[in-house]
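Overview (structure and organization)
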Amino acid sequence: MIKKCLFPAAGYGTRFLPATKAVPKEMLPILTKPLLQYGVEEALAAGIDIMAIVTGRGKRSIEDHFDNAFELESQLSGTAKESYLKEIKTVIESATFTYVRQRQMLGLGNAILTGEHLIGDEPFAVILADDLCDYDNKSVLSQMKEIYNKYQCSIIAIEEIPMDKTSNYGVISGYLVDKTNDTYRVTNMVEKPEPKNAPSNMAIIGRYILTPDIFNILENIKPDKNGEIQITDALNIQAKEGKVIAYKFDGKRFDC
Ligand code: UTP
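By convention here, each chain's residues receive numbers from 1 onward along its written sequence. At least 70 in pLDDT is required for a residue's local features to be given in this predicted model, at least 80 for side-chain atom pairs to be given and counted, and no such filter applies to totals for whole chains, interfaces and linings, which use all residues. Excluded from the side-chain calculation are hydrogens and water; included are all heavy atoms of the structure.

It is worth spelling out the site of the ligand at this point. Residue proximity to a molecule or strand is established when one non-hydrogen atom of the residue lies within 4 Å of it. Near the ligand lie 17 residues; those nearest to it are Gly13, Thr14, Arg15, Glu26 and Gln102. In the analysis that follows, any N or O atom pair within 3.5 Å is treated as a polar contact, provided that within protein one partner can donate a hydrogen and the other can accept it, and provided that, for residues neighboring in sequence, both atoms belong to side chains. Ala10 has a polar backbone atom sitting 2.8 Å from an oxygen atom of the ligand. Gly11 places a polar main-chain atom, nitrogen or oxygen, 2.8 Å from an oxygen atom of the ligand. Protein contact buries 83% of the 560 Å² of open area that the ligand shows by itself. When residues are sorted by character, Ala, Val, Leu, Ile, Met, Phe, Trp, Tyr, Cys and Pro go into the nonpolar class, Asp, Glu, Lys and Arg into the charged class, and all the rest, Gly among them, into the polar class. Per-class residue counts for the shell around the ligand are 8 nonpolar, 5 polar and 4 charged. The Shrake-Rupley method, run with a 1.4 Å probe sphere, supplies the accessible areas, and residue values consider only the shown protein chains as cover.

Attention now moves to unusual backbone geometry. In this model, Leu17 is joined to Pro18 through a cis peptide bond whose omega is 5 degrees. Put simply, DSSP marks the helices as runs of H or I at least four residues long and the strands as runs of E at least two long, and each gets a number from the N terminus on. On the secondary structure map, Pro18 appears in the loop between β1 (4-8) and β2 (29-30). In the Ramachandran plot, Leu31 falls in the positive-phi region, its phi being about 55 degrees despite a non-glycine side chain. Look at Gln152: it is not a glycine, yet its phi comes out positive at around 55 degrees. When you line up the elements, Gln152 lands in the loop between α7 (140-151) and β8 (154-160).

Take the packing of aromatic side chains next. Each aromatic pair joins two rings of Phe, Tyr and Trp (for Trp, the six-membered one) with centres within 6.5 Å, and gets the label stacked for planes under 30 degrees apart, edge-to-face for over 60, and tilted for any other angle. Throughout the structure, instances matching the rule amount to 2 aromatic pairs. When the ring of Phe66 is compared with that of Phe97, the centres are 4.6 Å apart and the planes differ by 20 degrees; the resulting orientation is stacked. One end of the pair, Phe66, is in the loop between α2 (60-65) and α3 (70-76); the other, Phe97, is in strand β5 (residues 96-101), with 31 residues separating them in the sequence. The pair formed by Phe66 and Phe97 is uniform in burial state, with each residue classed as buried. Between Phe124 and Phe215, the ring centres sit 5.2 Å apart and the planes meet at 0 degrees, which makes this aromatic pair stacked. A residue pair is termed long-range when its members are at least 10 positions apart, and Phe124 in strand β6 (residues 124-127) and Phe215 in helix α8 (residues 213-219) qualify at 91 residues. Whether a residue is buried, partly exposed or exposed follows from its accessible area with a 1.4 Å probe, protein chains only, as a fraction of its type maximum: under 20%, in between, or over 50%, in that order. According to the relative accessible area criterion, Phe215 is buried, its value standing at 3%. For a Lys NZ or an Arg CZ to count as sitting over a ring, it must be within 6 Å of the ring centre and within 35 degrees of the ring normal. A cation over a ring is seen here: Lys33 above Tyr38, with NZ or CZ 4.7 Å from the ring centre. Lying across the ring of Phe254, Lys252 places its NZ or CZ 5.1 Å from the centre.

Below, the structure written as structure tokens:
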């Protein structure tokens, strides 16, 4: 059973400056809803109701967003505008939110390791809220949960990208294990390869289901040349043991 979803949300959001100077990237809206709320709703749609959010300095608005706002609520109570709060109130009431702060932004791998105490010794989902996933019937995470139930190992969501974009992604190589649901056994992963070195055009996107042994692996991963701990390096160790399945999901991803 996957009960918890980890949201790494501590990064500086440098590429979005100045918008992200005082507002967390994960709180930037698409229409009226912050990215992170879309992610939480996707987890809820997959039957996951414990949200473990890795935040950092300057990210307090995330906690405020997923909490009651008594003054605002009493101001709007009984007025025609009350309905504007309905959606977020439902989200707040449907989930438990737990938080931990990443003290130094040492990369996605380190952010996931920072969440270890919120997760414990059980498999868990990870959503990177800046990859917004739209779907028709089943949320991407629901689809991945089904794949997890079948293979009982780490599952990563992948999509085919143009070959000239490989240097923006983690790229996998692997072999097809099930044509009906587009699953591959991963044999290798390379972080941000130049097109000429890329093993394929199948890129990892921001949805994972990870087995808890990933924490031990992450503890021993050496930082890359930018001082960041890459989740791809940790997953590669699992992949070498045949314990990572890549899943070409049904839906559309938007890079936010
Ligand atoms: P990104 O690389 O997209 O976000 O990480 P970033 O680091 O904020 O962006 P830039 O490079 O500065 O522009 C993907 C997700 O991982 C989180 C980010 O908050 C984002 O949601 N993250 C990244 C952490 O929580 N901690 C980190 O040290 C790095």
